[in-house]
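Analysis of the macromolecular model
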Amino acid sequence: MKQAWIKAFAGKLAATGALLLFLVLVPSAAAGMLPLWAVLLLGAAGVLVLNAACGVLLPEEHPERQPAARPREVPLRVVRGGRAA
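Bear in mind the structure is a predicted one, so any value in this text is a computation, not a measurement.

Cut-offs used in this document
- Per chain, residue numbering runs from 1 following the sequence as it is written.
- Residue-level local features of this predicted model are given only where pLDDT is at least 70; pairs of side-chain atoms are given and counted only at 80 or more, and the full residue set underlies all totals for whole chains, interfaces and linings.
- As a convention, hydrogens and water are excluded, and side-chain values are obtained from all of the structure's heavy atoms.
- For patches, a residue must show more than 30% relative accessible area and have no salt bridge; joins then use 9 Å for like charges and 5 Å for nonpolar side chains, namely Val, Leu, Ile, Met, Phe, Trp and Tyr.
- To be clear on the numbers: accessible area is Shrake-Rupley with a 1.4 Å probe, and residue cover counts the displayed protein chains and nothing else.
- One speaks of a salt bridge when a side-chain nitrogen belonging to Lys or Arg is within 4 Å of a carboxyl oxygen belonging to Asp or Glu.
- Secondary structure follows DSSP: runs of H or I at least 4 residues long count as helices, runs of E at least 2 residues long count as strands, and numbering of each begins at the N terminus.
- Only protein chains enter the calculation, and the probe is 1.4 Å; a residue is then buried if its accessible area is under 20% of its type maximum, exposed if over 50%, and partly exposed in between.
- Each Phe, Tyr or Trp ring, with Trp reduced to its six-membered ring, pairs with another whose centre is within 6.5 Å; inter-plane angles below 30 degrees give stacked pairs, above 60 give edge-to-face pairs, and intermediate values give tilted ones.
- A positively charged side chain is recorded as over a ring if its NZ (Lys) or CZ (Arg) lies within 6 Å of the ring centre. The angle to the ring normal must also be within 35 degrees.

Taken together, Trp-5, Ile-6, Phe-9 and Leu-13 make up a surface patch of nonpolar side chains, about 460 Å² in accessible area. Here Trp-5 is to be found in helix 1 (residues 2-31). The exposure class of Trp-5 is exposed, given its relative accessible area of 52%.

The next subject is the packing of aromatic side chains. Tallied over the full model, the rule gives one aromatic pair. Seen from their ring centres, Trp-5 and Phe-9 are 5.6 Å apart, and the 10° between their planes marks the pair as stacked. Separated by four residues within a single helix, Trp-5 and Phe-9 lie in helix 1, roughly one turn from each other. The class for Phe-9 is partly exposed, based on a relative accessible area of 49%. One cation-aromatic arrangement involves Lys-2 over Trp-5; the distance from NZ or CZ to the ring centre is 5.3 Å.

Below you can see the structure in the form of structure tokens.
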């Protein structure tokens, strides 16, 4: 229980940090305070951190679940007027 809580907290913290990085990175790049190579490097690092945080926060998949039941096939018959009933 505690491990799952710590994992979720760390994922949320990393996601918040990456979003704050983008919030600071965009205006500083627009103002010319950072060189282009630094903006690209920090942007790529932010995307990787955000991707990892989202991967941590996603629920686990359960592939052993049964597929949904197929609907029953009902035979159609043509009645007077050429319409299927």
